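Architecture at a glance
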Amino acid sequence: MADTVLYEVSDGLATITLNRPEAMNALNVETKVALREAVESAAGDDAVRAVLLTAAGDRAFCVGQDLKEHIGLLVQDRETGSGQTMSTVRDHYNPIVRALAGAAKPVVAAVNGVAAGAGFGFALAADYRIVADTAAFNTSFAGVALTSDSGISWTLPRVIGPGRATDLLLFPRSISAQEAYELGIANRLVPAGELRAEAEKVARALAGGPTVAYAALKESVAYGLTHTLEEALEKEDELQTRAGSSEDHAIAVQAFVNKEKPKYLGR
């Protein structure tokens, strides 16, 4: 894995760090490949019970596509007629978002600075966003004559509503951390100097929690957004049966009876 993305697993928590602070963690091809590998590894590893996605530096979480590299690739496309530049959506962004949103474990994004374009999309693909008070968000796409990608057409309307989402997509602007909190983009707003500690605290608490139940909660919310009430009730029945059969449920019930704090196994 390239050093543009750092990957570490400790006590059930996978920490993925975008590591191009000098470029505001912009996504060149090397970084996109490394990030895809990291999030797919975390999603597929049963030893990982929670994921923390963050970034190096204090200016940016991720400003999206590396436009300097992108310009060169567009020139190559025109010269060769290959048309490969925009395949990055299919080859990189889509797998990254699928792995983050579809992981059978909680994903926390610690947004330390500007999150724009695909960087905004990756933050929205997480289940929980802890945001520094110095951070900002921007859809960016229309500003460079592009449409949305990185799942934003699906995630943003569900977080803030279709009307507001359309406004932010048609008229890109910087959304302050405070406004992001008020809109529901940020689940928790903290002073910049406390971001990493708070994010690790939350992520480690989730890593020590009932992983099967968390996975079922993620699945039920996603399912309920696109199905009828009757279908959602059937899905809840299915998922509750799964959660109720887990070792963690038995541990939790016994701990409750004994007035003890449960020690979950994640299965």
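Residues numbered from 1 in each chain as written. Predicted model: local features only at pLDDT ≥ 70, side-chain atom pairs only at ≥ 80, totals over all residues. Heavy atoms only, no water.

An unreviewed UniProt entry lists the protein chain under the name Enoyl-CoA hydratase-related protein, with Streptomyces indiaensis as the source organism.

Two orientations exist for strands paired in a sheet by backbone hydrogen bonds: parallel and antiparallel. Taken in spatial order, the 4 strands line up as β4-β6-β8-β9 in an open sheet, and their pairing is mixed. At either margin of the open sheet sits one strand with a lone partner, and together these are β4 (60–62) and β9 (175–176). Of the strands in this sheet, β4, β6 (114–116), β8 (136–138) and β9 touch helix α4 (residues 118–125), which is tilted by about 100° from β6. (Pairing = 2+ DSSP bridges. Helix = DSSP H or I, 4+ residues; strand = E, 2+ residues; numbered from the N terminus. Contact = heavy atoms within 4.5 Å. Axes fitted to C-alpha atoms, helices over the stretch in contact; angles between N-to-C directions.)

Moving on: the nonpolar core. Nonpolar side chains in soluble globular proteins tend to end up buried together. Counting 49 residues, the largest nonpolar core has I16, L35, V111, F122 and F137 as the members making the most contacts within it. The element that contributes the greatest number of residues to this core is α4, accounting for 6 residues. Counting residues in each nonpolar core, the second largest holds 14 residues, with A50, A110, A203 and A207 among its members. (Core = buried A, V, L, I, M, F, W, Y, C linked by side-chain atoms within 4.5 Å. Buried < 20%, exposed > 50% of the residue type's maximum accessible area, 1.4 Å probe, protein only.)

Across all of its chains, the model carries 11 salt bridges by this definition. Residue R20 pairs with D66 through a salt bridge whose shortest N-O separation is 3.0 Å. Separated by 46 residues along the polypeptide, R20 in the loop between β2 (13–18) and α1 (29–44) and D66 in the loop between β4 and α2 (67–80) bring together distant segments of the chain. Overall, the relative accessible area of 12% leaves R20 in the buried class. For D66, a relative accessible area of 11% puts it in the buried group. A salt bridge links E198 to R188; its shortest N-O distance comes to 2.5 Å. Remark: R188 occurs in strand β10 (residues 188–190) and E198 occurs in helix α8 (residues 195–207); sequence separation between them is 10 residues. Salt bridges sharing partners connect three or more residues here, namely E219, K235, E238 and R242. (Salt bridge = Lys/Arg side-chain N within 4 Å of Asp/Glu carboxyl O.)

Moving on, we come to the sheet that holds strand β1 (residues 5–10). Read across the sheet, 6 strands follow the order β1-β2-β3-β5-β7-β10 without closing on themselves; strand pairing throughout is mixed. Only two strands of the sheet have a single partner each, and these edge strands are β1 and β10. Ignoring strand direction, the axes of neighbouring strands in this sheet form an average angle of 15°. As judged from the 3 bridges shared by strand β3 (residues 50–55) and strand β5 (residues 107–111), these two strands associate in the parallel manner. If you follow L52 over to β5, its bridge partner there is V108. Against the sheet, α8 makes contact with β1, β2, β3, β5, β7 (128–132) and β10, and its axis sits at roughly 165° relative to β3, the strand it touches most.

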